[in-house]
Amino acid sequence: MVRCMYFSSSGKVFEMQKSLDVKLARILADSSCRDFILADAKDADMAYGLAAPGRSPEYHAGEARFRTLEEYRQQMREIVLQGLVDIMLMSASTNEILTIRERLFDNSPVTPAVRANDTTDIWLAGGTGRYPSQPSLPFRTATIDHIMCGHLDCKPEERSLGADLGLYSITFNNDAQLDRQSLEAYKEFRLEAERKGFRHFLEVFDPNAPAEKPADIGRFIADHIVRALAGVTSRGRPLFLKIPYHGPAAMEALARYDPSLVVGILGGAAGTTMDAFYMLWEAKKYGARVALYGRKINNAEHQLTFVKYLRAVADDQILPAEAVRAYHNDLAKLGIRPHRSLEEDLQRTQTATAYGATVPMSPSRAAPAASAPGRRSAHSTLTTKPPSPLGAESGKPTGQRPTEEEPDFRSMSPAEKARWNLERWKRILG
């Protein structure tokens with residue numbers, strides 16, 4: 001059994017078992033291991049601003065009302081106490097509150113992690129912000145020291161106060177100058193992290209504004225990852241990857257290339273409950289061993305129940321369609337009205353994988369018959385039905401520009417501008 005060893009200021013050793021470390025060790029020791037790492041990505045305040053916590057339960061049609069930051073953090077506390085995710089990803093400011101001050105993770109199997117950089121393509125200010133449509137530029141608000149101890153220049157004994165794991169993000173845009181700039185920034189981060197004993201995982205988004213769109217995005221991303229890491233030795237390598245899911249072939253090719261490179265998927269837009277469960281199930285089937293879901297969890301009707309079934313799917317205990325039905329059954333017991341009917345929620349829809357992109361809804365795709373080890377679903381065939389317009393969501397780098405036409409704001413009255421922006425946020429947040 002793997003345990004993390006920590007040293008107190010007196011030099012005394014104490015142990016704290018984290019499910020992330022145990023699972024990573026087993027996965028790296030045996031590539032056929034079925035362990036799966038699940039993360040709740042609640043770092044959206046680094047991207048969305050006021051809309052980051054998600055829609056308030058008190059939301060009414062025609063209102064742009066969101067949860068408060070404290071309500072957002074309370075959801076994090078509850079999910080950490082539930083203990084079913086392996087990682088809680090936060091902003092540095094939330095990490096200071098929950099990890100350093102409240103000591104939320106001290107007696108928990110959950111590992112705290114922090115978004116270590118915020119590239120310009122996730123700067124999603126409301127209104128007419130255009131950053132996501134401009135090529136990504138590297139930038140870091142948080143510093144490693146502030147993540148680890150809450151202030152600049154940590155003393156050695158203070159580095160265990162906060163998180164020792166961070167997410168570093170890169171967006172390649174098929175532009176040599178821009179991509180070199182991004183890799184230089186990543187190199188600087190890696191070297192500092194190694195010196196300070198700070199671990200990281202690497203997020204690689206699809207091009208958000210490519211000089212020329214690659215013909216095969218999945219291959220483009222995979223080739224950039226393995227090329228960029230070929231010159232990095234084990235001490236500086238990421239623990240695992242977080243990438244958009246581009247289907248079975250792309251996932252299988254990357255996962256089998258190097259067993260020491262643990263591949264994970266990002267959730268992207270919320271979509272239906274089937275979208276969330278099925279993508280995890282299929283990605284795992286073809287080699288993924290990590291899923292980091294943000295909006296898919298945060299937009300759920302009841303986050304704790306949603307995570308319960310996400311965990312069950314990840315651990316091969318239930319198939320996606322069965323999990324959707326069980327989730328709806330639990331919502332009924334809790335007296336919570338679902339966002340969609342069961343029939344609609346069993347559909348798979350086209351959802352964006354980029355923070356700043358908008359995708360048109362495609363006809364639903366029925367989930368094909370699925371099989372898990374030792375199990376067979378009684379619900380192998382699903383009917384299709386055009387999805388609800390509420391399924392249209394936004395995500396992070398897809399290489400697609402927004403499909404909606406922006407009006408001429410110069411000719412609009414203040415009331416018209418406000419109405420247009422409100423409708424835009426409804427489409428983005430669901």
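For the structure given in this document, a descriptive report is provided here. (Residues numbered from 1 in each chain as written. Predicted model: local features only at pLDDT ≥ 70, side-chain atom pairs only at ≥ 80, totals over all residues. Heavy atoms only, no water.)

1. Details of the pattern of salt bridges
Pairing between side chains becomes possible if they bear opposite charge and their charged atoms approach one another. Inclusion rule: One speaks of a salt bridge when a side-chain nitrogen belonging to Lys or Arg is within 4 Å of a carboxyl oxygen belonging to Asp or Glu. By definition, any uninterrupted DSSP run of H or I lasting at least four residues is a helix, any uninterrupted run of E lasting at least two residues is a strand, and each is numbered from the N terminus.
For the structure on display, the rule yields 25 salt bridges. Across the salt bridge formed by Glu184 and Arg180, the nearest N and O atoms sit 3.5 Å from each other. Placement of both Glu184 and Arg180 in helix α5 (residues 176-196) is noted, with a separation of four residues, approximately one turn of the helix. In this structure, the salt-bridge partner of Asp315 is Arg311, at a minimum N-O distance of 3.2 Å.

2. Comments concerning the packing of helix α10 (residues 303-314) against helix α11 (residues 320-334)
What counts here: With axes taken as lines fitted to C-alpha atoms, and helix axes fitted only over the stretch in contact, angles between N-to-C directions fall between 0 and 180 degrees. Roughly parallel means an angle under 35 degrees; roughly antiparallel, over 145; roughly perpendicular, 65 to 115; everything else is oblique. Crossing handedness is defined as follows: a turn of the near helix away from the far one that is anticlockwise and smaller than a right angle gives a left-handed crossing, while the clockwise case is right-handed. Two residues form a contact once any of their heavy atoms are found within 4.5 Å. All residues other than Ala, Val, Leu, Ile, Met, Phe, Trp, Tyr, Cys, Pro, Asp, Glu, Lys and Arg, Gly among them, are scored as polar; the first ten of these are nonpolar and the last four charged.
One can describe the packing of α10 onto α11 by two numbers: an axis separation of 10 Å at closest approach and a directional angle of 155 degrees. Taken together, the axis directions place α10 and α11 in an arrangement best described as roughly antiparallel. Once α10 is placed against α11, the crossing between them reads as right-handed. Residue-level inspection shows Thr305, Phe306, Lys308, Tyr309 and Val313 of α10 in contact with α11, the latter providing Ala323, Ala326, Tyr327, Asp330 and Leu334. Of the residues assigned to the contact of α10 with α11, the class counts are seven nonpolar, one polar and two charged.

3. As for the state of the cysteines
For clarity, the cut-off: Any pair of cysteine sulfurs within 2.5 Å is marked as a disulfide. Accessibility here uses a 1.4 Å probe with only protein chains present; expressed as a share of the type maximum, an area under 20% marks a residue as buried, one over 50% as exposed, and anything in between as partly exposed.
In this structure the tally under the stated criterion is one disulfide. The disulfide partner of Cys149 is Cys154, and the S-S distance across this bridge is 2.1 Å. Measuring handedness by torsion sign, the sulfur bridge of Cys149 and Cys154 sits at about -90 degrees and is left-handed. A relative accessible area of 10% means that Cys154 is categorised as buried.

4. Let's talk about α5
Counted only if it meets this: One fewer than the residue count of a helix, multiplied by 1.5 Å, yields its expected span. Here a polar contact is recorded for every N or O atom pair within 3.5 Å, except that within protein the pair must consist of a potential hydrogen donor and a potential acceptor, and residues adjacent in sequence are included only if both atoms are side-chain atoms.
The end-to-end C-alpha separation of α5 is 30 Å, in line with the 30 Å expected for 21 residues at 1.5 Å each. For α5, the full list of buried residues reads Leu178, Asp179, Ser182, Tyr186, Phe189, Arg190, Glu192 and Ala193. In this fold, the buried residues of α5 make contact with α4 (144-149), β6 (165-171), β7 (199-205) and α6 (217-230). Of the residues flanking the start of α5, the one acting as N-cap is Asp175, its side-chain oxygen 3.1 Å from the backbone nitrogen of Gln177. Where α5 ends, the next residue or the one after it, Gly197, has phi of about 70 degrees, a positive value.

5. Quick word on the packing of aromatic side chains
What counts is decided by this rule: By convention, a stacked pair of Phe, Tyr or Trp rings (six-membered ring in the case of Trp) has centres within 6.5 Å and planes under 30 degrees apart, an edge-to-face pair has planes over 60 apart, and any other such pair is tilted. A ring is considered to have a charge above it if a Lys NZ or an Arg CZ atom is located within 6 Å of its centre and within 35 degrees of its normal.
What the rule picks out here adds up to nine aromatic pairs. Look at Phe201 and Phe240: their rings are 4.5 Å apart centre to centre, the planes differ by 15 degrees, and that puts the pair in the stacked class. With Phe201 in strand β7 and Phe240 in the loop between α6 and β8 (241-242), this pair connects stretches of sequence that are 39 residues apart. Of the two residues, Phe201 and Phe240, neither departs from the other in class, the shared state being buried. Through a chain of ring-to-ring contacts, the aromatic side chains of Tyr168, Tyr186, Phe189 and Phe198 assemble into a single cluster. Stacked on the ring of Tyr186, the Lys or Arg Arg190 has its end atom at 5.0 Å from the ring centre.

6. As for the sheet that holds strand β5 (residues 111-115)
Defined as follows: Pairing between strands is defined by DSSP: at least two bridges between the two strands are required.
As summarised here, the arrangement of the eight strands in space is β8-β7-β6-β5-β4-β3-β10-β9, forming an open sheet in which the pairing is parallel. This sheet does not close on itself; its edge strands, each paired only once, are β8 and β9 (264-266). Sheet analysis places β9 next to strand β10 (residues 290-293), joined by three bridges and oriented parallel. Looking across to β10, one finds that Ile265 is bridged to Ala291. Sitting on the sheet, helix α3 (residues 92-101) is in contact with β4 (87-90) and β5, with an inclination near 130 degrees to β4.

7. Some thoughts on the environment of Pro135
Of note, Pro135 is situated in the loop between β5 and α4. Through-space distance from the C-alpha of Pro135 to that of Pro210 is 6.9 Å; in sequence the pair is 75 residues apart. Ignoring any residue separated from it by four or fewer positions in sequence, one finds Pro135 in contact with Thr120, Asn173, Leu178, Asn208 and Ala209.

Interpretation note: all reported values are geometric properties and have no functional meaning in isolation.
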